[in-house]
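For reference, the chains in residue letters:
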Amino acid sequence: MSQYVFPVSEGVECLVGWDESMQTFFGQIYRVDKDGERVDAEEDGTILWVGRRHNEIKSVYVLATQLRPRAEIPSKIYGALFKTEVD
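Here we summarise the structure given alongside this text. (Residues numbered from 1 in each chain as written. Predicted model: local features only at pLDDT ≥ 70, side-chain atom pairs only at ≥ 80, totals over all residues. Heavy atoms only, no water.)

### Quick look at the overall build of the chain
Condition: Working definition: helices are DSSP H or I runs of at least four residues, strands are E runs of at least two. Numbering for both runs from the N terminus. Our radius of gyration looks at C-alpha atoms and nothing else; its globule reference is 2.2 Å times the residue count to the power 0.38. Working definition: with a 1.4 Å probe on protein chains only, accessible area under 20% of the residue-type maximum means buried, over 50% means exposed, and in between means partly exposed. Working rule for contacts: check all heavy atoms of both residues, and any pair within 4.5 Å makes them a contact. Each accessible area value is a Shrake-Rupley result obtained with a 1.4 Å probe; residue values ignore everything except the protein chains displayed when judging cover. Charge assignment: positive for Lys and Arg, negative for Asp and Glu; neither His nor the chain ends contribute. We put the charge of a Lys on NZ, of an Arg on CZ, of an Asp on CG and of a Glu on CD.
What the chain contains, in helices and strands, is two helices and four strands. For the chain, the sequential pattern of α-helices and β-strands runs β-β-β-β-α-α. Compactness check: the chain gives a C-alpha radius of gyration of 13 Å against a globular reference of 12 Å for 87 residues, within 12% of the reference. Projecting the C-alpha coordinates of the chain onto the three principal axes gives extents of approximately 40 × 25 × 20 Å. The buried share of the chain, taken over its 87 residues, is 37%. For the chain, contacts bridging at least 24 residues in sequence account for 39% of all contacts bridging at least 6. For the chain, the exposed surface amounts to about 5,500 Å²; the carbon and sulfur share of it is 51%. Across the chain, 10 positive and 15 negative side-chain charges occur, with their mean positions spaced 6 Å apart.

### Here we look at the pattern of salt bridges
Opposite charge on two side chains makes pairing possible when the charged atoms of those side chains draw close. Note the following rule: Counted as salt bridges are all cases of a side-chain nitrogen of Lys or Arg within 4 Å of a carboxyl oxygen of Asp or Glu.
Counting across every chain of the model gives three salt bridges. Taking the shortest distance from any N to any O, the salt bridge between Asp35 and Lys34 comes out at 4.0 Å. Residues Asp35 and Lys34 agree in their burial class; the two are exposed. Two residues, Arg53 and Glu56, come together in a salt bridge whose shortest N-O distance is 3.9 Å. Here Glu56 falls in the partly exposed class, since its relative accessible area comes to 27%.

### A closer look at helix α1 (residues 60-67)
Using the following cut-off: In this description, the arc belongs to the directions extending from the helix axis to the C-beta atoms.
Three or more residues of α1 are buried, namely Val60, Leu63, Ala64 and Leu67. Considered in projection along α1, the buried side chains sweep an arc of 95 degrees and stay on one side of the axis.

In structure tokens, the structure reads:
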């Protein structure tokens, strides 16, 4: 599994990656507390979660589209994920 985290806005981060066992790209947008720790999902920390099912997202483009408008994958991370797609 490859994964990357990047800030979206103050108190919000995004985790994206490729899950080999699930054969899907995934993305999670979630809140972080003042110490930068992830807010627990039960405390309404998860804002958006895509790519939770087997074969759900097969391309980086589809992942990026599903995360918009809440998050824009930085080009360096997009490129690294695209390399995973091509390999």
